[in-house]
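Below are the chains, spelled out letter by letter.
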Amino acid sequence: MTLRQRAGVLLGRWPVRAPAGREPLPAEAHVLKALDTDAVCAVFEEAGRLRLGLGGGGPWLRAHLDPEGVHYLVPDPANYYWPGNRDGREGEIRWWHCTALVRMLDGEQVTSMVAVLPETFTALPSTLPRRRQLRLVHLARASERDTYLWGRDHETECSPERCGFTSDADDAKAVDE
């Protein structure tokens with residue numbers, strides 16, 4: 001962490017700040033949630049089912065997450081995804097743009113983005129001490145590696161035997177052969 005990030009952790013400051021002229025996120029959004037693999041996949045699946053624009057995950061994500069891993073979720077909207085902005089469909093953004101810090105099969109922690117309804121997020125349990133939450137939020141925000149990059153690097157070794165994942169493209173090849 002940078003010196004500024006360390007000072008923020010020591011002072012207990014929540015790192016997610018509202019853009020200039022915007023309302024801050026409510027207090028219930030100033031928390032990081034620890035989730036098991038089923039719970040984090042359910043959040044991604046809800047985003048896909050509701051077509052919120054970010055998330056979905058699908059079978060690929062579930063197959064590549066550490067099934068025993070702990071994953072983290074925190075509302076961390078980019079300025080253009082800040083709640084209340086226009087959503088491109090004649091409405092306003094009604095969900096929270098969250099950063100997910102997930103543990104992959106090989107143990108690496110990477111980030112992903114997912115749209116989460118406020119009521120879904122607040123219903124998730126919160127069990128981590130505040131200082132640990134702050135450290136993990138800073139880690140998630142500083143991480144440069146995401147699920148796309150991890151998946152790209154993993155592609156050559158990905159197979160049903162290794163990950164239990166079969167893509168539609170692999171199914172089509174098997175049919176052709």
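In what follows, the accompanying structure is described.

Parameters at a glance
- Residues numbered from 1 in each chain as written.
- Predicted model: local features only at pLDDT ≥ 70, side-chain atom pairs only at ≥ 80, totals over all residues.
- Heavy atoms only, no water.
- Core = buried A, V, L, I, M, F, W, Y, C linked by side-chain atoms within 4.5 Å.
- Buried < 20%, exposed > 50% of the residue type's maximum accessible area, 1.4 Å probe, protein only.
- Contact = heavy atoms within 4.5 Å.
- Phe/Tyr/Trp six-rings, centres within 6.5 Å; stacked < 30°, edge-to-face > 60°.
- Helix = DSSP H or I, 4+ residues; strand = E, 2+ residues; numbered from the N terminus.
- Arc of directions from axis to C-beta.
- Polar contact = N/O pair within 3.5 Å; in protein donor to acceptor, adjacent residues only side chain to side chain.

### Let's talk about the nonpolar core
One finds Leu32, Leu73, Val114 and Phe121 to be the most contacted residues of the largest nonpolar core, which totals 41 residues. Beyond its immediate sequence surroundings of up to four residues, Leu32 is in contact with Trp14, Tyr72, Leu73, Val74, Ser126, Leu128, Gln133, Leu136 and Val137.

### Some points on the packing of aromatic side chains
What the rule picks out here adds up to two aromatic pairs. Judged by centre distance (6.1 Å) and plane angle (70 degrees), the ring pair of Trp60 and Trp150 falls under edge-to-face. Of the two residues, Trp60 is situated in helix α3 (residues 58-64) and Trp150 in helix α6 (residues 147-154); the sequence distance between them amounts to 90 residues. Relative accessible area serves as the criterion here: at 24%, Trp60 is assigned to the partly exposed category.

### A closer look at unusual backbone geometry
Although it is not a glycine, Arg51 sits at a positive phi angle of roughly 55 degrees. Topologically, Arg51 is positioned in the loop between α2 (37-49) and α3.

### As for α6
For α6, the full list of buried residues reads Thr147, Trp150, Gly151 and His154. Buried positions in α6, seen along its axis, are confined to an arc of 100 degrees and lie on one side of it. On the buried face of α6, the contacting elements are α3, β3 (96-103) and β4 (109-116). Near the N-terminus of α6, the side chain that reaches the backbone nitrogen of Tyr148, with its oxygen 3.2 Å away, is that of Asp146.

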